[in-house]
Amino acid sequence: MMTIQLPKLLRRLSPLLIAGLLGACASTPPQQDLTPNSERNALPRSWSPAPSAAEQPAATLNPAPIEAAHPVLEDSLQPGVAIDLNEVKASADLWVRLRKGFDMPELDNDGVRRAEIWYSTRPDYVQRMAERGGRYLFHIIEEVEKRGMPTELALLPFIESAFNPQAMSTAKASGMWQFVPATGRDFALKQNIFRDDRRDVLASTRAALDYLERLHKMFGGDWQLALAAYNWGQGNVQKAINRNLKAGLPTDYDNLRMPDETRYYLPKLQAVKNIVLAPEKFGLNLPAMSNHPYFLSVKLDRDIDVDLAARLAGMTVEEFKQFNPQMNKPVMLAAGSNQMLLPYDNARTFTESLTAHRGPLASWTAWTVSQTMSPAAAAKQVGMSEAQLREINKIPPRMLVKKGSTLLVPRAAHRIEDVSEHMAENGAINLAPDAPALRRVSYKAGKGDTVQSMANRYRVSPAQVAEWNKVGVKSAFKPGQTVVMYKAFAAKQVAAAKPSAAAKARKPGKTSKVSKSGVAQTGTSTRQMSKR
C-alpha cells in the first residue's frame, strides 16, 4: 500500500481541521481551567508517546520515513488497518457513505414536517452543528458499520446534544449521547472526581451503541421501539406495550401512548435524515467531510496538566477539550485516561513538542485525607490556600472533608509519583456538615405557646421549629402537646446529656436517646437539623 509524505497529509487535512475547530458549543461552555503555579515533576527522558518505527504495528498511521529525531505517530483506534489518505475512498464524501447505510423504516407525518421546518429556518445552527459533528462522525460511522447497525444511528447526537460532548441537560444527562448517571454506570462509563466518561468521545460512543443493541434485541428487532426506549426508558416502553396488549391494541411505535418528547424523538431523527439525503431541498448546505479519520489517539504514559498538553499540541484549552471533554480536573491521569485524542496536525505538534520538552509535566496530584478535617486544615497541610483547595475540589461552605476522601493538591518534593490506578479509578470526596453535634429534646407546650414563642425562647429560627415539628411557621401548640427541639452540645457531653435548667423549669418531657455521633436518633436528617 502506498503512503504519502506527512506534509502533504497535513495540507490536505488543514481546511477540515480549521472548519471543525470554528464550531461553537451547543449547550454548556467548557469550564475555565486553573493555571497551577506550584512545583512540577520533571519528565523522564525515557518516556515516549509512541513506539519507534520498527516497533510500530500495521494498525498505525504510517507516513513515509522521516528524520529519526521526529517521533512516529500511533493511532490505536483502528487495529490492523493501514491508513492511506491517497486512496480514492479516503477522499470520498463521508455524507455519501452515511447515506448508503440508511436502513430504518421511513416516517412521514406532521412531526417530521414540523422538525424539517425548525431546522431549515435555522441554517446557521445546522451549519455549526454539522461542522462540530464532522470531528466525530467518521469514528461513529466506523463503529456503527462494524456492528451492522443502520447508519441513521450515527445521526442521534445531532438531536441529543447537537454534537456537543460537554452538553448537560436539566435531567443531568451528559455528553454527546446524553447518558444520565445511572445508565452511564450500567454501561461502564466511569464517573468520579477526575473524569466523567459520559463525555468521553470514544467511551460514550461505545456505550451508546451497546445500549442501542440491547434495546433492539429487547424489543424484537424493532429500531423504532429501541429508539423510543433510548429516549424514554426501556421500562416505560415495556409498560406501554403491556397496556396495549391488555387492551387488544397494536404494540408498534405509532400506536403506543407516550410523552410528547418521545413522540417527537423519531420525527426529529427522520428530519435530520431527510436533510442529509437532500440538503438543497431545504435550502441548506452541509460542510464537506472526507472519508478518513479526523483525530488520532495518542498514548498517555504520564500524568500531564491539561493546559500543558494543549499548549504542546498547539491548541487552546477550549479546543483541546472538544476532543478530550471527559476531564473534571486540570490534570489528565495516565492511570485513568491513558490516551488523548488530537487532530492529525496537532498530534504531530504534540509529539514533537513533547520530545523537546525538558520541563515538568504535572503540577497536581491526588492526596488521601487521613482524618476528617476542615478545608482550612487540609489546605495548610498540603501548602495551598483554602480558597484554591475549595475551588479545585468543589467543596461548598460549612462542610468538613471526611476521612478517606481524595483531594487534588499541588505536587511537592514528597509527592512526585503519578496517581495510582486504584486512586484514579476510585477517587471520591465525602463531606459532612461543619456544625455542632445536636441532641433531640422534647418539651410539653404551655398555654399560649407558638412556633414563634418557642423559637424566641430557645434562640432558633421559627422555620427550624416548624420543620422539626411538621407544622406551619405561624402555628400554635396546644397545651401539653409535645414540642421537639434540637440543641447543640459538646461532644464530651454526649454520654451525660441532660436537659438544661430552662428545660427543667418548663417540665420537659422524656429526652430521646442520643447516638454516639452526637446526633439524636430521629427521622429528621442531620442536614435539616444543622440549618442555621
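All values derive from a computational prediction rather than experimental measurement.

Points about the pattern of salt bridges
Overall, the coordinates contain 21 salt bridges when judged by the stated rule. With its nearest N and O atoms 2.8 Å apart, the salt bridge here joins aspartate 196 to arginine 198. For the pair shown, aspartate 196 and arginine 198 are each scored as buried. Measuring nitrogen to oxygen at the nearest pair gives 3.9 Å for the salt bridge that ties aspartate 301 to lysine 299. Each of Arg147, Arg206, Asp210 and Glu213 takes part in a single network of salt bridges with overlapping partners.

A word on the nonpolar core
Counting residues in hydrophobic clusters, the biggest one holds 95 residues, and the most contacted among them are Ile304, Met340 and Phe350. Element by element, the count of residues in this core is highest for helix H8 (residues 201-218), at nine residues. Ignoring any residue separated from it by four or fewer positions in sequence, one finds methionine 340 in contact with Leu296, Ser297, Val298, Leu300, Ile304, Ala309, Phe320, Asn324, Met332 and Phe350. Leu333, Trp364, Ala379 and Val419 belong to the second-largest nonpolar core, a separate cluster that totals 24 residues.

Here we look at the packing of helix H5 (residues 137-146) against H8
At their nearest, the axes of H5 and H8 sit 11 Å apart, and the two run at 35° to each other. Considering only the axes of H5 and H8, their crossing is right-handed. Residue-level contacts link His139, Ile140, Glu143 and Val144 of H5 to Leu202, Thr205 and Leu209 of H8. The residue inventory of the contact of H5 with H8, partitioned by class, reads four nonpolar, two polar and one charged.

Focus: the side chain of serine 337
Considering the arrangement of structural elements, one finds serine 337 in the loop between strand S3 (331-332) and strand S4 (339-343). A relative accessible area of 8% means that serine 337 is categorised as buried. Not counting chain neighbours up to four residues away, the residues in contact with serine 337 comprise Arg195, Leu300, Gln326 and Met327.

Side note on the environment of valine 180
On the secondary structure map, valine 180 appears in the loop between helix H6 (156-161) and helix H7 (181-186). A C-alpha to C-alpha distance of 9.5 Å links valine 180 and methionine 168, two positions twelve residues apart in sequence. In contact with valine 180, not counting residues within four places along its chain, are Ala171, Lys172, Ala173 and Arg198.

As for unusual backbone geometry
Peptide bonds are mostly trans, and most non-glycine residues show a negative phi. Look at glutamine 178: it is not a glycine, yet its phi comes out positive at around 55°. Tracing the backbone through its elements, the reader meets glutamine 178 in the loop between H6 and H7. Phi is positive for lysine 394, which is not a glycine, with a value near 55°.

Comments concerning the side chain of asparagine 192
Structurally, asparagine 192 can be placed in the loop between H7 and H8. A distance of 2.9 Å separates the side chain of asparagine 192 from the backbone oxygen of alanine 424, its partner in a polar contact. A polar contact is formed between the side chain of asparagine 192 and the backbone oxygen of glutamate 425, at a distance of 3.4 Å. Excluding anything up to four places from it in sequence, asparagine 192 contacts Asn328, Ala424, Glu425, Asn426 and Gly427.

Re the pairing of S4
A large share of S4 lies buried, amounting to four of its five residues. When strand S1 (residues 295-299) meets S4, the two strands line up antiparallel, connected through five bridges. Paired with phenylalanine 295 across the bridge in S4 is proline 343.

Cut-offs and rules
- Residues numbered from 1 in each chain as written.
- Predicted model: local features only at pLDDT ≥ 70, side-chain atom pairs only at ≥ 80, totals over all residues.
- Heavy atoms only, no water.
- Salt bridge = Lys/Arg side-chain N within 4 Å of Asp/Glu carboxyl O.
- Buried < 20%, exposed > 50% of the residue type's maximum accessible area, 1.4 Å probe, protein only.
- Core = buried A, V, L, I, M, F, W, Y, C linked by side-chain atoms within 4.5 Å.
- Helix = DSSP H or I, 4+ residues; strand = E, 2+ residues; numbered from the N terminus.
- Contact = heavy atoms within 4.5 Å.
- Axes fitted to C-alpha atoms, helices over the stretch in contact; angles between N-to-C directions.
- Left-handed = near helix turned anticlockwise from the far one by under 90°.
- Nonpolar A, V, L, I, M, F, W, Y, C, P; charged D, E, K, R; others polar.
- Polar contact = N/O pair within 3.5 Å; in protein donor to acceptor, adjacent residues only side chain to side chain.
- Pairing = 2+ DSSP bridges.

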